[in-house]
Amino acid sequence: MWESFDPNDWESLPHLSGRVATEDDVKNGVAVFYISKGSFALNAMLPTCVIQIDEETGERTPAVVIQAEQAGDQVYLGLRYLTGGNGICGLDEVEQLEEPNEEFAI
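Please read all numbers here as calculations on a predicted model, not as lab measurements.

How each quantity is defined
- Residues numbered from 1 in each chain as written.
- Predicted model: local features only at pLDDT ≥ 70, side-chain atom pairs only at ≥ 80, totals over all residues.
- Heavy atoms only, no water.
- Helix = DSSP H or I, 4+ residues; strand = E, 2+ residues; numbered from the N terminus.
- Buried < 20%, exposed > 50% of the residue type's maximum accessible area, 1.4 Å probe, protein only.
- Polar contact = N/O pair within 3.5 Å; in protein donor to acceptor, adjacent residues only side chain to side chain.
- Contact = heavy atoms within 4.5 Å.
- Patch = residues over 30% accessible without salt bridge, like charges linked within 9 Å, V, L, I, M, F, W, Y side chains within 5 Å.
- Areas by Shrake-Rupley, 256 points an atom, 1.4 Å probe, with all protein chains shown as cover.
- Salt bridge = Lys/Arg side-chain N within 4 Å of Asp/Glu carboxyl O.
- Lys, Arg positive; Asp, Glu negative; His and termini not counted.
- Charge placed at Lys NZ, Arg CZ, Asp CG, Glu CD.
- Pairing = 2+ DSSP bridges.
- Phe/Tyr/Trp six-rings, centres within 6.5 Å; stacked < 30°, edge-to-face > 60°.
- 1 Å grid on protein atoms, 1.4 Å probe; cavity = no way out; pocket = protein on both sides within 12 Å on 5 of 7 lines; lining within 4 Å.
- Points joined across faces, edges and corners; volume = space filled by probe spheres on them.
- Nonpolar A, V, L, I, M, F, W, Y, C, P; charged D, E, K, R; others polar.

Trainee: Hey, could you run me through the side chain of T48 in this one?
Mentor: One can find T48 in strand 2 (residues 48-53). With relative accessibility at 12%, the residue T48 sits in the buried group. Here the side chain of T48 touches Q96 through a polar contact of 3.2 Å, side chain to side chain. Each residue touching T48, except ones within four places of it in the same chain, is listed here: W10, A63, V64, V65, Q96 and L97.

Here it is, written out as structure tokens:
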């Protein structure tokens, strides 16, 4: 379900916008995570291209945000990685791109 994808196809990735994720959304590959209570969906244009920056190593990984929710003071982003797999990170761990660039490639 979380296979690699062509960077040119980022806009067609399944994503969740306008509501919080459910367990079924995660099972169906539309969302990466779900928070059982107390979160709300962010008003974000999804999907969107980002570079995730590892705080410890500085490694930069291209990804697509397919989900954005806030719980308390923390923003959580659900990511799809170009090379496959998914992840969760905070808003402060990504650099948003206006559009894919040379860094946004496999």
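Trainee: Where do I start with a negative patch on the surface in this structure?
Mentor: Together, D54, E55, E56, E59 and D92 make up a region of like negative charge exposed at the surface. With respect to the helices, strands and loops of the structure, D92 is situated in the loop between strand 5 (86-90) and strand 6 (94-96). Overall, the relative accessible area of 63% leaves D92 in the exposed class.

Trainee: I'm lost on the pairing of strand 3 (residues 60-71) in this one. Help?
Mentor: Residues in a regular strand project their side chains so that they alternate between the two faces of the sheet. Counted residue by residue, strand 3 has nine buried out of 12 residues, so it is predominantly covered. Sheet topology places strand 1 (residues 39-41) next to strand 3; three bridges connect them, and they run antiparallel. Its bridge partner lying in strand 3, A41 is registered against E69. The pairing of strand 2 with strand 3 spans six bridges and is antiparallel. In the strand pairing of strand 3, C49 is matched with V64. With antiparallel pairing between neighbouring strands as the criterion, strand 2 and strand 3 make up a hairpin whose turn holds six residues, including G58 at a positive phi of roughly 80°. The sheet contact formed by strand 3 and strand 4 (residues 74-81) spans eight bridges and is antiparallel. Within strand 4, the residue paired with A68 across the bridge is L77.

Trainee: Would you mind showing me how to read the packing of aromatic side chains here?
Mentor: Here the distance between the centres and the angle between the planes together describe a pair of aromatic rings. Within the structure shown, the criterion is met by one aromatic pair. Each ring, one from F33 and one from Y76, has its centre 6.3 Å from the other, and the planes form 65°; the classification is edge-to-face. Here F33, found in the loop between helix 1 (23-27) and strand 1, pairs with Y76, found in strand 4; they are 43 residues apart in sequence, far enough to count as distant. With a relative accessible area of 31%, Y76 lands in the partly exposed category.

Trainee: Is there a simple way to explain the layout of surface pockets in this structure?
Mentor: Remark: the empty space left among the atoms is shown by a probe the size of a water molecule rolled over them. Taken as a whole, the largest pocket encloses approximately 170 Å³ of empty space. Considering the residues around the largest pocket, the lining is formed by L42, A44, M45, L46, T48, V50, V65, A68, L77, L91, V94 and Q96. Those elements that provide at least two residues to the lining of the largest pocket are strand 2, strand 3 and strand 6. Looking at the lining of the largest pocket residue by residue, the class counts come to 10 nonpolar, two polar and no charged.

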